[in-house]
Amino acid sequence: MPVICVANSKGGTGKTTVSLNLIHHLKPDFIIDLDIHKGLTDVNRLGGSLEIHRTQDKSQLLDWLGEDEKLIFVDTGGFDSTLNRWALSQADFILTPTSDDPSDQLRLMDFNKTMVAVSDMVKEPLTAYALLNRVHHSRRAFEDFDSLIAGLSHMKRLPNVIPQSASLPKAAFKGQPVKSGTIAADFSKLAKDIKMSL
């Protein structure tokens, strides 16, 4: 079964929230939180029921990622590290949340360099799929973002867009994903699109 990795070397792009809501629809067999700040683990403690595994040991991580019969979901931290790179190297799908803020988008250039290095490490071209996240509901055109992504060798843009929503932090404060409404439908569609690409 595949490994799905949520990663961006910049913090604050919504990786934990995206992970919490995607897990609800993907229903992975094994969940790993590599964030040293324990974002997903801590949110889960607020009322969630996920079984989340943590490690800072490369050998243990690679053992977990080698479980062929399981769908594995990895939430990495908002930083570059050897452990995060090993997770990326084993991923079948890399999801990179980013907001439509220029400072977040420009940091994708740094993450693309990480993707180049990891691709060199495994001797095959890897691609991260950028997800526009926390986007203002009135924004419909993303030509600037498309232009940026087009210039990055190891990144592509997903057509999915996750808008800003007060329901996301409200649910997260209970350790839960959003389970109904438009946002839940957006994450359901994203999960289906990821599965289709595996």
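Note that the structure is a prediction, hence the values are computed from the model and not measured.

## Some points on the overall build of the protein
Next up, step 1: The helix and strand inventory of the protein stands at nine helices and seven strands.
Next up, step 2: Over its C-alpha atoms, taken along the principal directions, the protein stretches across nearly 45 × 40 × 30 Å.
Next up, step 3: Out of the 198 residues in the protein, the part that is buried amounts to 48%.
Next up, step 4: Taking contacts inside the protein between residues at least 6 apart in sequence as the whole, the part at least 24 apart equals 75%.
Next up, step 5: Surface accessibility of the protein: about 9,400 Å² in total, with carbon and sulfur atoms responsible for 52%.
Next up, step 6: Across the protein, the 23 positively charged side chains and the 24 negatively charged ones have centroids separated by 5 Å.

## Comments concerning the sheet that holds strand E7 (residues 155-163)
Next up, step 1: Spatial ordering of the open sheet is given by E3-E2-E4-E1-E5-E6-E7, a layout of seven strands whose pairing is parallel. Across the chains shown, the open sheet's two edge strands, defined by having one partner strand only, are strand E3 (52-53) and E7.
Next up, step 2: Bridge analysis of strand E5 (residues 93-98) against strand E6 (residues 128-135) gives five bridges, and the strand direction is parallel. In the sheet register, Pro 97 faces E6, and the bridge partner there is Leu 131.
Next up, step 3: Across the sheet, helix H3 (residues 58-65) lies against strand E1 (3-6), strand E2 (30-33), E3 and strand E4 (72-75), angled at about 155° from E2, the strand it touches most.
Next up, step 4: Contacting E5, E6 and E7, helix H7 (residues 143-150) runs over the sheet at an angle of about 150° to E7.

## Structural notes on the pairing of E7
Next up, step 1: Here E6 runs beside E7; their pairing, made up of six bridges, is parallel. Bridging from a neighbouring strand, Val 135 pairs with Pro 163 of E7.
Next up, step 2: Note that the unit made of E6, H7 and E7 has a crossover that is right-handed.

## Notes on the packing of helix H4 (residues 82-90) against helix H6 (residues 108-122)
Next up, step 1: In the contact formed by H4 and H6, the axes pass within 10 Å of each other and the chain directions differ by 65°. On the basis of their axis angle, the class for H4 and H6 is roughly perpendicular. Considering only the axes of H4 and H6, their crossing is right-handed. Every residue of H6 that contacts H4 at Arg 85, Trp 86, Leu 88 and Ser 89 is listed here: Phe 111, Thr 114, Met 115, Ala 117, Val 118, Met 121 and Val 122.
Next up, step 2: Of the residues belonging to the contact of H4 with H6, the class tally is eight nonpolar, two polar and one charged.

How each quantity is defined
- Residues numbered from 1 in each chain as written.
- Predicted model: local features only at pLDDT ≥ 70, side-chain atom pairs only at ≥ 80, totals over all residues.
- Heavy atoms only, no water.
- Helix = DSSP H or I, 4+ residues; strand = E, 2+ residues; numbered from the N terminus.
- Buried < 20%, exposed > 50% of the residue type's maximum accessible area, 1.4 Å probe, protein only.
- Contact = heavy atoms within 4.5 Å.
- Areas by Shrake-Rupley, 256 points an atom, 1.4 Å probe, with all protein chains shown as cover.
- Lys, Arg positive; Asp, Glu negative; His and termini not counted.
- Charge placed at Lys NZ, Arg CZ, Asp CG, Glu CD.
- Pairing = 2+ DSSP bridges.
- Axes fitted to C-alpha atoms, helices over the stretch in contact; angles between N-to-C directions.
- Right-handed = clockwise from strand over helix to strand, strands pointing away.
- Parallel < 35°, antiparallel > 145°, perpendicular 65-115°, else oblique.
- Left-handed = near helix turned anticlockwise from the far one by under 90°.
- Nonpolar A, V, L, I, M, F, W, Y, C, P; charged D, E, K, R; others polar.

Interpretation in functional terms is not warranted from these geometric data alone.
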